[in-house]
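# Overview (structure and organization)
These are the residues of each chain, in order.
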Amino acid sequence: VGVSTREMLSRFARGSRAPASALARRAAPALTQRRNFIAGSEEYGKHCFKGAVADAYLAKHGLPAGLLDDPSWTTTSADKVAAAVMDWAHDNGASVMTHWFQPMASLGVRHGQTGQVHNAMFTFDKDGKVEWELEGKALLKGETDGSSYPSGGMRATHTAGGYTVIDPTSPIFLRGDTVFVPTIFVSFYGDALDEKTPLMRAQKAVSTQATRLLKLLGYAVDKVGPNIGLEQEFFLVPRKDYYRRPDLQLTGRTIMGKNAPRGQEMCDHYMAAINPVALECMQEIQHECFMLGIPLRTRHREVAPNQYEFAPFFGTAVTQIDQNLMVMQICDEVAARHGLACLPQEKPFKDINGSGKHNNISLGTNTGVNLLNPAQLAKASGSHEIFPVLMAGIVRAIDLHGDLMRMAIASPGNDFRLGACEAPPAIISTYLGETMTAYLDEFRKSKAGKEYAPAVKTVDLGLDEIAPFTMPAEDRNRTSPFPYGGHRFEFRAVGSSQNVSLVNTVLCTIWADSFGHLADQIEAGGKPAEVAAAALDQHWKVIFNGNNYDEANQEALTKAGVWRIDSGVDSLQRLSDPKNVDLFSRHGVLNEKECKARTAVLLDHYSGTVEMEALCMVDMIKQHVIPAVVNAEVEGPHLSGLQAAAAKVEAGLSKMHGAADEYSKATAARELRLETMEAARDVCDKAEGDVPEDLWTLATYKELLFLDSHQGADAISD
């Protein structure tokens, strides 16, 4: 529809401008803001172009309900879908569109961990009159400079083409005045420059091999895919104190800081009443996510002070990951409006628990059957043999490719978290529980499938008011990196700041490989139960139901040959190991060039993270710690040690810069981080203990970690 330039500019400037009352609410002091989580169920997904919301607009353009469920609309109806999207956008105050993609190596450095270029949805006719327009081709594909993102050498200034292509499996959504279109991001040659493309390839691989295996087992389905649920942990700290921590602002973690007199010794934080300031922030986060169709169902306090968690319902892997990235961005932005800073990094504080993002995963058919739910699978297929065969494939995958699982969780922050009695160690075993282990043990010995009937026990407290109740006979094992939790596996070792695309790319690929291996043997004449039993026999060592924190158990697992890679840097190298290049290439997930490029990107990201931390440490010693000890007139016991510590960190940086290649540089960075900088931290923390509070210019752990004790408007924002 043609409109005047004045009217167009007026609409564009208006965008999704909120009513004055809403603006006033955002501008008000943090403690007076109010935002209900669920104002009404009809608001759920209002800002997500999916289901009934999308169908209403599609119908206006003669398109059938449910059209978006079939990705082929991109080749048959793109212009009409684009017009429907534009109508929906305008009705919701949006006038801008962006392709939304996931460059590599974004965690900890790129706001939102995504790439985007915003373009207003208008054009000019031959008379210079403005027309609102969104063409199908603009919705489907875009072009950008691929050389300005980490690419591991796959792009350069003279070969810079990067292309965004819509991902029709993840819904379009809007925030404010902008429509976000989830896309992949590839080079001129089709090489993956992003996190999503390999995941979508891996999903195709696991579907291909799983459906092939299921057909051989007498259960024909059209498609299989991963469903995941991501438990997002994070810290909320007073923003005014966050501004007094250059390390938190620039690296996401404290690289120095004396412990407060109180920590988590009393186990008093976990699932305690949520701090009112934090609660208002979390309510607004949930409200915004609710509007976007992100089902954040659960919120609670975590183990450490000022640590919290959100958890959604399960969903398809691609969509859940897209939504999780947006959740992290919303947490960051909404926290600022409430006088808080959100810290998603794995280990922002020393000597208290860090944060994870537990990656719960199952495999589902296109008809809604959970393949890791033995009762549901048996009912749908009429067979009790399929489940143990699938489990045998998964056990095989963990044993053979534990190195890749370790690689996938090697975020820089996990250096300080894994094995620290808050997250599993870097030894990749799986916990199945005694009942499931016994079931599979009997299967591998008898080679006969039977019903899996997990035991339950009844508890009678002897109280008239409390009726006897049942509970699972299996306990929980929080020390296992990859436990089976009944109908799903939980990858507990995943870091909180991660984009978990690589994690799920690895899981889908290694499961596809094992399912394909079993299918090959069955097609060659092997009996399914015998093939699966042999796989269990060969790979049984990776099943461990004991305490993974116990050093004797860790030693026993290591001697048994279970994958153990203590160094995250060494684990990153495994991505381009010939074994793994062959694995990814055979399943069409990553070719050799992509594996090597991605390895270089991950190593560079680790080195860059450490470099920023080291430079922050040097600045903080020279600009804060040394002046503080001088002003306090306690330089005698501290000054020379601080000067020497800063010099050693600077020498470590020089060693990094002189390294011959990415791996050598990252290895030097790890040494600098875990040895030199930790020693320097001890010197700084001792100095902090001797400087009077009024002369110490950095925010302390006491100020950062205890909202409950620092409550009130003055404690949150100036």
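Worth saying up front: this structure is predicted, and the values here are computed from it rather than measured.

## A closer look at the side chain of N360
Secondary-structure assignment places N360 in strand 16 (residues 357-365). Here N360 falls in the buried class, since its relative accessible area comes to 4%. Within polar-contact distance, the side chain of N360 engages the side chain of E231 at 2.9 Å. Once residues lying within four places of it in the same chain are set aside, the contact partners of N360 are N227, I228, G229, E231, F314, R488, F489 and E490.

## Overview of the environment of P627
By the element assignment, P627 lies in helix 20 (residues 592-631). In this structure the C-alpha to C-alpha distance between P627 and D91, which are 536 residues apart in sequence, comes to 57 Å. Residues within four places of P627 in sequence aside, it is in contact with I621 and K622.

## Remarks on the side chain of D241
Along the chain, the position of D241 falls in helix 8 (residues 239-242). Judged by relative accessible area, D241 falls into the buried class, the value being 3%. D241 has contacts with A699, E703 and L704, leaving out every residue within four places of it along the chain.

## Observations concerning the pairing of strand 15 (residues 340-343)
Neither face of strand 15 is exposed, since L340 and C342 on one face and A341 and L343 on the opposite face are all buried. Judged from the 4 bridges that link them, strand 11 (residues 224-238) and strand 15 form a sheet pairing that is antiparallel. The residue bridging F235 from the neighbouring strand is L343, located in strand 15.

## Some thoughts on the environment of N359
Along the chain, N359 turns up in strand 16. The buried category is assigned to N359, whose relative accessible area is 0%. Placed 49 residues apart in sequence, N359 and A408 show a C-alpha to C-alpha distance of 12 Å. Excluding residues within four positions of it along the chain, N359 makes contact with I228, G229, L230, F489, E490, F491, V494, V500, V503, N504 and L507.

## Description of the state of the cysteines
Summed over all chains, the structure comprises 0 disulfides. C48 takes part in no disulfide bond, and the closest cysteine sulfur, belonging to C289, lies 12 Å away. Judged by its relative accessible area of 6%, C48 falls in the buried class. Not part of a disulfide, C281 finds its nearest cysteine sulfur in C331, a span of 7.1 Å.

## Quick notes on unusual backbone geometry
Within the chain, M271 stands out as a residue other than glycine whose phi angle is a positive 55°. By secondary structure assignment, the location of M271 is in the loop between helix 9 (246-251) and helix 10 (276-291). A positive phi angle is found at N306, which is not glycine, with a value near 65°. Tracing the sequence through the fold places N306 in the loop between strand 12 (296-301) and strand 13 (307-312). For N306, a relative accessible area of 1% corresponds to the buried category.

## Some details on the pairing of strand 13
Here strand 13 lies mainly inside the structure; 6 of its 6 residues are buried. Taking every second residue as pointing to the same face, both faces of strand 13 are buried, with Q307, E309 and A311 on one and Y308, F310 and P312 on the other. By the bridge criterion, 4 bridges tie strand 11 to strand 13 in an arrangement that is antiparallel. Within strand 13, the residue paired with Q232 across the bridge is F310.

## Notes on the pattern of salt bridges
Applying the stated criterion across every chain yields a total of 40 salt bridges. Among the ionic pairs, E195 bridges to R598, the shortest N-O distance being 3.9 Å. Note that E195 is positioned in the loop between strand 10 (178-187) and helix 7 (196-216) and R598 in helix 20, a separation of 403 residues in sequence. Since its relative accessible area comes to 12%, E195 is described here as buried. Across the salt bridge formed by D322 and K196, the nearest N and O atoms sit 2.8 Å from each other.

## Some thoughts on helix 13 (residues 386-408)
Across its 23 residues, helix 13 extends only 29 Å between first and last C-alpha, which sits more than 12% below the 33 Å expected from 1.5 Å per residue. A bend of about 75° at H401 is the largest found in helix 13. Counted residue by residue, helix 13 has 22 buried out of 23 residues, so it is predominantly covered.

## Details of a nonpolar patch on the surface
Residues L461, L463, I466, F469 and M471 make up a contiguous nonpolar surface patch of roughly 400 Å² in combined accessible area. Within the element layout of this structure, F469 appears in strand 18 (residues 469-472).

## Notes on the packing of aromatic side chains
Under the criterion given, the structure shown has 23 aromatic pairs. Each ring, one from F235 and one from F349, has its centre 5.4 Å from the other, and the planes form 65°; the classification is edge-to-face. In this pair, F235 is assigned in strand 11 and F349 in the loop between strand 15 and strand 16, connecting sequence segments 114 residues apart. An identical accessibility class is assigned to F235 and F349; each is buried. An aromatic cluster is built from F387, Y439, Y452, F482, Y484, F489, F491 and W511, whose rings are joined through pairwise contacts. Lying over the aromatic face of W540, R444 brings its terminal NZ or CZ to 3.8 Å of the ring centre.

## So, helix 20
Here helix 20 contains 40 residues, and its C-alpha end-to-end distance of 58 Å stays within 8% of the 58 Å for a straight helix at 1.5 Å per residue. Taking the largest bend as the criterion, helix 20 deviates by roughly 40°, centred on I621. Near the N-terminus of helix 20, the side chain that reaches the backbone nitrogen of K593, with its oxygen 3.1 Å away, is that of N591. Backbone geometry just downstream of helix 20 places E633 in the positive-phi region, at approximately 60°.

## What about the confidence of the model for the protein?
When pLDDT is averaged along the protein, the result is 92; 93% of the residues meet or exceed 70. In the predicted structure, residues 1-34 sits below a pLDDT of 50 and forms 52 contacts with residues beyond four places in sequence or in another chain.

## Side note on the packing of helix 10 against helix 11 (residues 317-337)
It is at 9 Å that the axes of helix 10 and helix 11 come closest, and there the two elements cross at 135°. Relative to helix 11, the element helix 10 is oriented oblique. Considering how the two elements wind past one another, helix 10 and helix 11 form a crossing that is right-handed. Between helix 10 and helix 11, the residues in contact are C281, E284, I285, E288 and C289 and V327, I330, C331, V334, A335 and R337, respectively. Of the residues in the contact of helix 10 with helix 11, the class split is 8 nonpolar, no polar and 3 charged.

## A few points about the packing of helix 14 (residues 434-446) against helix 16 (residues 528-539)
The geometry of helix 14 relative to helix 16 is characterised by a closest axis approach of 8 Å and an angle of 120° between their N-to-C directions. As the angle between them shows, helix 14 and helix 16 are arranged oblique. Handedness of the helix 14/helix 16 crossing: left-handed. Contacts between helix 14 and helix 16 involve L440, F443 and R444 on the former and, on the latter, A529, A532, A533, L536 and D537.

Criteria and thresholds
- Residues numbered from 1 in each chain as written.
- Predicted model: local features only at pLDDT ≥ 70, side-chain atom pairs only at ≥ 80, totals over all residues.
- Heavy atoms only, no water.
- Helix = DSSP H or I, 4+ residues; strand = E, 2+ residues; numbered from the N terminus.
- Buried < 20%, exposed > 50% of the residue type's maximum accessible area, 1.4 Å probe, protein only.
- Polar contact = N/O pair within 3.5 Å; in protein donor to acceptor, adjacent residues only side chain to side chain.
- Contact = heavy atoms within 4.5 Å.
- Pairing = 2+ DSSP bridges.
- Disulfide = S-S within 2.5 Å.
- Salt bridge = Lys/Arg side-chain N within 4 Å of Asp/Glu carboxyl O.
- Expected span 1.5 Å × (residues − 1).
- Bend = angle between axes of the 7 residues up to and from the residue.
- Patch = residues over 30% accessible without salt bridge, like charges linked within 9 Å, V, L, I, M, F, W, Y side chains within 5 Å.
- Areas by Shrake-Rupley, 256 points an atom, 1.4 Å probe, with all protein chains shown as cover.
- Phe/Tyr/Trp six-rings, centres within 6.5 Å; stacked < 30°, edge-to-face > 60°.
- Lys NZ or Arg CZ within 6 Å of the ring centre and 35° of its normal.
- pLDDT = per-residue confidence, 0-100.
- Axes fitted to C-alpha atoms, helices over the stretch in contact; angles between N-to-C directions.
- Parallel < 35°, antiparallel > 145°, perpendicular 65-115°, else oblique.
- Left-handed = near helix turned anticlockwise from the far one by under 90°.
- Nonpolar A, V, L, I, M, F, W, Y, C, P; charged D, E, K, R; others polar.

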